[in-house]
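Here are the chains, one letter per residue:
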Amino acid sequence: MMVNTGTVVFCADIGGSFIKFGLSRQQGEVTELARVATPAQSWDEFVLALQALLTEHGDGHPEDTPLAISTAGLVSPQSGEVMATNIPGFAGHNLAAELSQVLKRRVSVANDADCFALAEAHVGEGMGLPIVVGVILGTGVGGGIVFNGQLVRGHGGVAGEWGHGAITRTELVLDNNLVRIPRLPCGCGQTGCLDMLGGARGMERLHHELHQQSLTSQQIISGWQDEDAQSVLTIEAWLQLVGEPLTLLVNIIGATKVVVGGGLATVPRLIAALDERVRQSTLHSYPQPLVVPGKFVSQGGLVGASVLGRQR
Ligand SMILES: [Zn+2]
């Protein structure tokens, strides 16, 4: 791995709504310079937006200063294409190759969960550890894997996407009652994916399924903390449904640390309960906490891009 920590790198974090743009003088450090709306529908307008940002903030930096991008969607290392449902303008484009040509500089691109994992593995809670899994428990479930400091991209860029693929469990015993686990159709085209029950929206679906009551994930979590019986039951179900596939992931890749990002990572007690659940069932014992909240829960994209832009 070649890391040139002295080079300046421009970083962009591209979501369905906003492009966050910043400058990194050192790996792990990014100064945010601008935030503009993402022209999600049009490739040409997207390119123009990046050109404008680079022109506006390029003074005093070499013209070929690299650009590192964290983006929503899956980034295929084979075709360079980005599959992002919320950015239709990307369809059919090889992001890194086309942008390198138009913007006349090296452009590197990775998925936002992968960038979070890179940030945590290099300068966060998994710093210097050999096998770091970045797990996103946000609206849905995502993730990325960093092996000896290098991002594992995998076929089509799907490495670490543990939220898709069916939960094999069809029932749970909760409070001595047998509860059926709903198998819901997922946006990926499959049925029964963890993504439909494992993130914040999933927790809400689960609560509705168990109690026929619509609450937000924040309400369910505070109910759990206040020992409200219904919320306690929902979180118990959630911990089992998320904990089992996460344990499987840990066993498969021999994770050294699992660092959690996304909205649910802002509740330390929930992540501690998940950690306890996972460590009860891993094949090899982990005397120290294994599943921990990340350091970059909110700026993982930009910080991860600052690492990505310095890798070859
Ligand atoms: Zn799915």
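Since this is a predicted model, take the numbers as computed values, not measurements.

A. Structural view of the packing of helix α6 (residues 217-225) against helix α8 (residues 268-281). Contact geometry for α6 and α8: axes closest at 11 Å, N-to-C directions at 75°. With respect to α8, the axis of α6 lies roughly perpendicular. Here Ile-221, Trp-224 and Gln-225 of α6 lie close against α8, whose contacting residues are Arg-269, Leu-270 and Ala-273. Tallied by class, the residues present in the contact of α6 with α8 amount to four nonpolar, one polar and one charged.

B. Looking closely at the pairing of strand β2 (residues 18-26). As paired elements, strand β1 (residues 9-14) and β2 share six bridges and run antiparallel to each other. Within β2, the position partnered with Val-9 by the bridge is Ser-24. Hairpin geometry of β1 and β2 is characterised by an intervening segment of three residues between the two adjacent antiparallel strands. As judged from the seven bridges shared by β2 and strand β3 (residues 29-37), these two strands associate in the antiparallel manner. Within β3, the position partnered with Ile-19 by the bridge is Val-36. The hairpin formed by β2 and β3 contains two residues between the paired strands, and Gly-28 there has a positive phi angle of roughly 90°.

C. Focus on the packing of aromatic side chains. As enumerated under the stated definition, the model contains four aromatic pairs in all. Ring geometry for Trp-43 and Phe-46: centres 5.7 Å apart, planes at 45°, overall tilted. Highlighted residues: Trp-43 and Phe-46, both in helix α1 (residues 43-57), separated by three residues, approximately one helical turn. There is no split in this pair, since Trp-43 and Phe-46 are both buried. Assessed through its relative accessible area of 1%, Phe-46 is described here as buried. By way of ring pairs, the aromatic residues Trp-43, Phe-46 and Phe-90 are connected into one cluster. When the ring centre of Trp-224 is taken as reference, the NZ or CZ atom of Arg-269 above it lies at 4.7 Å.

D. Structural context of the domain arrangement of the chain. According to the domain assignment, the chain contains domain 1 (9-117 + 299-308) and domain 2 (128-293). Summarising the inter-unit geometry, the C-alpha centres of domain 1 and domain 2 are found 29 Å apart. With 13 residues of domain 1 at the contact, the number on the domain 2 side is 20 residues. Where domain 1 abuts domain 2, roughly 1,100 Å² becomes buried across the two surfaces, and 63% of that area is made up of carbon and sulfur atoms. Among the residues of domain 1 in contact with domain 2, Asp-114, Phe-116 and Ala-117 are the three that bury the most area, contributing 45% of the side total. On inspection of domain 1 and its partner domain 2, the count reaches zero salt bridges. Along the contact surface separating domain 1 from domain 2 lie two residue pairs in polar contact (both at pLDDT 80 or more). Tallying contributions element by element places helix α3 (residues 112-123) first for the side of domain 1 that touches domain 2, with four residues.

E. Region of interest: unusual backbone geometry. The backbone of Asn-176 shows a phi angle near 65°, a positive value even though the residue is not glycine. As for its placement among the helices and strands, Asn-176 is situated in the loop between β11 (171-174) and β12 (177-180). The exposure class of Asn-176 is exposed, given its relative accessible area of 76%. Even without a glycine there, the phi angle at Gln-212 is positive, about 50°. With respect to the helices and strands, Gln-212 occurs in the loop between α5 (200-211) and α6. On the basis of relative accessibility, which here comes to 60%, the residue Gln-212 falls in the exposed class.

Cut-off values and rules
Residues numbered from 1 in each chain as written. Predicted model: local features only at pLDDT ≥ 70, side-chain atom pairs only at ≥ 80, totals over all residues. Heavy atoms only, no water. Axes fitted to C-alpha atoms, helices over the stretch in contact; angles between N-to-C directions. Helix = DSSP H or I, 4+ residues; strand = E, 2+ residues; numbered from the N terminus. Parallel < 35°, antiparallel > 145°, perpendicular 65-115°, else oblique. Contact = heavy atoms within 4.5 Å. Nonpolar A, V, L, I, M, F, W, Y, C, P; charged D, E, K, R; others polar. Pairing = 2+ DSSP bridges. Phe/Tyr/Trp six-rings, centres within 6.5 Å; stacked < 30°, edge-to-face > 60°. Buried < 20%, exposed > 50% of the residue type's maximum accessible area, 1.4 Å probe, protein only. Lys NZ or Arg CZ within 6 Å of the ring centre and 35° of its normal. Domains from an automatic or database assignment. Buried area = accessible area lost by both parts, 1.4 Å probe. Salt bridge = Lys/Arg side-chain N within 4 Å of Asp/Glu carboxyl O. Polar contact = N/O pair within 3.5 Å; in protein donor to acceptor, adjacent residues only side chain to side chain.

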